[in-house]
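Working through the structure, step by step
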Amino acid sequence: MKPIFVFSLPRSGSTMLQHVLASHSGIATGPEPWILLPLLSSMRATGTYADYGQRLLRTSLAQFHQALPRGTEDYLDAIRAFAMTLYGKASRGDAQYFVDKSPPYSLVVEEVIRLFPDGKFIFLWRNPLAIVASTIRTRGGGKWRVFRTNAQLFDGLANLVAAWEKYGDRAWAVRYEDLVSGPEAEISRLTDYLDMPFDAGVLSRFGATRPNGMKHVDPSEYDTINEEPLGKWKRTLTNPLRKAWCRRYLQWIGEQRLATMGYDLDELLHELAACPTNASYLISDAVRMIRGILHTMLEPHIIGAKISKPAAWHRHHMHT
């Protein structure tokens, strides 16, 4: 069995694609495992907050690697074997592939590709404006909480584009817009990449497919493939603040990265400007955008954990 990794930003249609793949008799999958994220991040000096101290962990690991016969390669071999053991246990016995669809892998995408030389890698792109709008609708209930996914929207996107430019000859890429507009052609090309026979039935069966353990998925959200979602973002990015943020985001992504993903900067800016403008959520967005800046700078979940420490230390010392 070999792994298939679906690399994308959140809200790119990766769950739909995962269900289509899992409808093939030779492909198994399960809930997003995320198992490689902490293991591969353990080798980084920054980017992780923990009680034990990330830099000290990295230093200790580096010293331990020196005691191994093949150094860091032995450590990576163990991570690979660990992941493959769990993928195997989560799969049917006859599965040729296991799909790991974990959007946060955009933060470690290059490490994942290097770790699995025999793996298959699917890059799923989507119009960044549609991703932002979908994040607002699904994760914010219509309110601005986009800042909660900043790491993936910025670092993750840059990592994905860089990884595709470096390893594209080993991978397969598709735009969400092309997938929903011509699913049969795109899935046929995908199965060619996987060296598997094309089964048109997956496009009718996937709505009834519930991969092992994925009970939280709303069946009505993934029962058909159609073009209805393509223009939905235009009804969400309507007030001046949202438009201004999205213009800056597109300009940050830049013409070259957008072209790599299959999009045109000027065209996206024109479509954004053409959206009807209204004051919906304007005051709420202003407050939440300020809150987002403070959240990014101060990281209150980390401060909250630190504030809780003195009380815990006091209880500890009272019993020593």
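Only a predicted model underlies this, so the values are computations on that prediction, with no experimental measurement involved. (Residues numbered from 1 in each chain as written. Predicted model: local features only at pLDDT ≥ 70, side-chain atom pairs only at ≥ 80, totals over all residues. Heavy atoms only, no water.)

Moving on, we get to the environment of Ala-133. One can find Ala-133 in helix H6 (residues 128–139). Separated by 11 residues in the primary sequence, Ala-133 and Trp-144 place their C-alpha atoms 9.4 Å from one another. Sequence-distant contacts of Ala-133, defined by excluding residues within four places in its chain, comprise Trp-233, Thr-236 and Leu-237. (Helix = DSSP H or I, 4+ residues; strand = E, 2+ residues; numbered from the N terminus. Contact = heavy atoms within 4.5 Å.)

Here the focus is the sheet that holds strand E5 (residues 171–175). Overall, parallel pairing links the 5 strands, which are arranged E2-E3-E1-E4-E5 in an open sheet. Edge positions in the sheet fall to strand E2 (27–29) and E5, since each of these pairs with one other strand and no more. With strand direction ignored, the average angle separating the axes of adjacent strands in the sheet is 25 degrees. Note: strand E1 (residues 2–7) against strand E3 (residues 97–100), 4 bridges, orientation parallel. Paired with Ile-4 across the bridge in E3 is Val-99. Strands E1, strand E4 (120–125) and E5 of the sheet are contacted by helix H7 (residues 150–167), whose axis makes an angle of about 130 degrees with E4. Contacts from helix H9 (residues 183–193) reach E4 and E5, with the element oriented near 170 degrees to E5. (Pairing = 2+ DSSP bridges. Axes fitted to C-alpha atoms, helices over the stretch in contact; angles between N-to-C directions.)

Taken as a whole, this structure holds 2 cavities of 30 Å³ or more when the rule is applied. Surrounding the largest cavity, Val-20, Leu-21, His-24, Ile-27, Ile-187, Leu-190, Thr-191, Leu-194, Phe-198, Asp-199 and Val-202 form its lining. Taken together, the elements giving at least two residues each to the lining of the largest cavity come down to helix H1 (14–22) and H9. Counted by class, the lining of the largest cavity contains 8 nonpolar, 2 polar and 1 charged residues. (1 Å grid on protein atoms, 1.4 Å probe; cavity = no way out; pocket = protein on both sides within 12 Å on 5 of 7 lines; lining within 4 Å. Points joined across faces, edges and corners; volume = space filled by probe spheres on them. Nonpolar A, V, L, I, M, F, W, Y, C, P; charged D, E, K, R; others polar.)

Moving on, we get to the side chain of His-65. The residue His-65 is located in helix H3 (residues 54–66) in this model. Residue class for His-65 comes out buried when judged on its relative accessible area of 6%. Excluding residues that lie within four positions of it along the chain, His-65 makes contacts with Met-43, Gly-71, Thr-72 and Tyr-75. (Buried < 20%, exposed > 50% of the residue type's maximum accessible area, 1.4 Å probe, protein only.)

It is worth spelling out a negative patch on the surface at this point. Taken together, Glu-255, Asp-264, Asp-266 and Glu-267 make up a surface patch of like negative charges. Topologically, Glu-255 is positioned in helix H11 (residues 240–261). We classify Glu-255 as exposed; its relative accessible area is 57%. (Patch = residues over 30% accessible without salt bridge, like charges linked within 9 Å, V, L, I, M, F, W, Y side chains within 5 Å. Areas by Shrake-Rupley, 256 points an atom, 1.4 Å probe, with all protein chains shown as cover. Salt bridge = Lys/Arg side-chain N within 4 Å of Asp/Glu carboxyl O. Lys, Arg positive; Asp, Glu negative; His and termini not counted. Charge placed at Lys NZ, Arg CZ, Asp CG, Glu CD.)

As a further point, take the state of the cysteines. Enumeration according to the criterion identifies 0 disulfides in this entry. Looking at Cys-275, it has no disulfide partner, and the nearest cysteine sulfur is the one in Cys-246, 9.0 Å off. (Disulfide = S-S within 2.5 Å.)

Right, let's talk about the packing of H7 against H11 for a bit. The contact between H7 and H11 brings their axes to 10 Å, and the two run at 10 degrees. Here H11 runs roughly parallel to H7, going by the angle between their axes. In this structure, H7 contributes Leu-153, Phe-154, Leu-157, Ala-158, Val-161, Trp-164 and Glu-165 to the contact, and H11 contributes Trp-245, Tyr-249, Trp-252, Ile-253, Gln-256, Arg-257, Thr-260 and Met-261. When the residues that make up the contact of H7 with H11 are grouped by side-chain class, the tally is 11 nonpolar, 2 polar and 2 charged. (Parallel < 35°, antiparallel > 145°, perpendicular 65-115°, else oblique.)

A general tendency of soluble globular proteins is for nonpolar side chains to be buried together. Counting residues in hydrophobic clusters, the biggest one holds 81 residues, and the most contacted among them are Phe-7, Leu-36 and Phe-123. With 7 residues, H11 is the largest single contributor of residues to this core. (Core = buried A, V, L, I, M, F, W, Y, C linked by side-chain atoms within 4.5 Å.)

Summed over the entire model, instances satisfying the criterion amount to 16 salt bridges. Among the ionic pairs, Asp-178 bridges to Arg-175, the shortest N-O distance being 3.1 Å. What makes Arg-175 partly exposed here is its relative accessible area of 24%. A salt bridge links Arg-205 to Asp-199, with the nearest nitrogen and oxygen atoms 2.6 Å apart. Here the residues in one salt-bridge network are Arg-70, Asp-74, Asp-77 and Arg-80, joined through shared partners.

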